[in-house]
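Geometric and topological summary
Chain by chain, the residues:
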Amino acid sequence: MNHYENTALNLIDIETPINDIIAYYQPIVSLENQNTVGYEALARKIVNKKAIAPIEWLPQLLSEHNGSERLTKHMLALVLAKMSQVPDEHYMSVNFEIEDIDNANLHLIIEKFDQQQC
């Protein structure tokens, strides 16, 4: 595929399916005492029971209209479902893309997540 075909495909308003994106929970460890203090939820795409490197799928998703917002909502839902299994003294971390921070709806997304957590 040449550069122009690739660019044209990126401009098509499509939605990459996100139901095969899971949250991998990486422990966050205190340097002081080596205890786990929280977890970082990392987006991982699973295809045919194999993890696909983010470089293979994340740029396409983020280039789509509302791709970043869709991924953020999906990851927050996964974290919310997992919260009951995490000790109260631990925290969960979710990464945001720059597009999320610039998104005027971010506060609404976080408020909805916060309400569901209670």
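What comes next is a walk through the structure. (Residues numbered from 1 in each chain as written. Predicted model: local features only at pLDDT ≥ 70, side-chain atom pairs only at ≥ 80, totals over all residues. Heavy atoms only, no water.)

Some points on the overall build of the chain
- Per the secondary structure count, the chain includes five helices and four strands.
- Within the chain, the proportion of its 118 residues that are buried is 30%.
- A separation of at least 24 residues holds for 59% of the contacts in the chain among residues at least 6 apart in sequence.
- Accessible area for the chain stands at about 8,300 Å²; split by element, carbon and sulfur atoms hold 54% of it. (Helix = DSSP H or I, 4+ residues; strand = E, 2+ residues; numbered from the N terminus. Buried < 20%, exposed > 50% of the residue type's maximum accessible area, 1.4 Å probe, protein only. Contact = heavy atoms within 4.5 Å. Areas by Shrake-Rupley, 256 points an atom, 1.4 Å probe, with all protein chains shown as cover.)

Observations concerning a nonpolar patch on the surface
- Together, F96, I98, I101 and I110 make up a nonpolar patch on the protein surface, roughly 360 Å² of accessible area in all.
- As for its placement among the helices and strands, I110 is situated in helix α5 (residues 106-117).
- I110 gets classed as partly exposed once you look at its relative accessible area, which sits at 37%. (Patch = residues over 30% accessible without salt bridge, like charges linked within 9 Å, V, L, I, M, F, W, Y side chains within 5 Å. Salt bridge = Lys/Arg side-chain N within 4 Å of Asp/Glu carboxyl O.)

Section: the nonpolar core
- Ranked by size, the top nonpolar core spans 17 residues in total, and within it I21, A41, L71 and M75 carry the most contacts.
- Where this core is concerned, the elements lending two or more residues are β1 (21-29), β2 (36-47), α2 (54-63), α3 (67-82) and β4 (91-94).
- In terms of residue count, α3 provides more of this core than any other element does, four residues in total. (Core = buried A, V, L, I, M, F, W, Y, C linked by side-chain atoms within 4.5 Å.)

Here we look at the pattern of salt bridges
- One pass over the structure, following the stated rule, counts three salt bridges.
- Two residues, K73 and E69, come together in a salt bridge whose shortest N-O distance is 3.0 Å. Here the residue K73 and the residue E69 both occupy positions in helix α3, the gap between them amounting to four residues, near one helical turn.
- Overall, K73 belongs to the partly exposed group, its relative accessible area being 44%.

Describing α3
- Between its first and last C-alpha atoms α3 spans 23 Å; for 16 residues at 1.5 Å apiece the expected length is 22 Å, and the two agree.
- Taken as a whole, α3 has its buried residues at G67, S68, E69, R70, L71, T72, H74, M75, L76 and V79. (Expected span 1.5 Å × (residues − 1).)

Details of the environment of H90
- Looking at where H90 falls in the secondary structure, it is placed in the loop between α3 and β4.
- Counting along the chain gives 54 residues from H90 to T36, while the straight-line C-alpha distance between them is 7.6 Å.
- In this structure H90 touches T36, V37, G38 and Y39, once residues within four positions along its chain are discounted.
- Reaching out from H90, the side chain makes a polar contact with the backbone oxygen of T36 at a distance of 2.9 Å. (Polar contact = N/O pair within 3.5 Å; in protein donor to acceptor, adjacent residues only side chain to side chain.)

Things to note about the pairing of β1
- Relative to β2, β1 is paired through nine bridges, and the arrangement is antiparallel. Looking at the pairing, I22 lines up with R44 of β2.
- Joining the antiparallel neighbours β1 and β2 is a turn of six residues, in which Q34 adopts a positive phi near 65°. (Pairing = 2+ DSSP bridges.)

Some details on α2
- For α2, every residue scored as buried is listed here: W57, L58 and L61. Projected down its long axis, α2 shows its buried positions confined to an angular sector of 100°, all on one face. Opposite its buried face, α2 presents the exposed residues I55 and E56, each directed more than 90 degrees away.
- Residues of α2 that are buried in the fold lie against β1, β2, β3 (50-52) and α3. (Arc of directions from axis to C-beta.)

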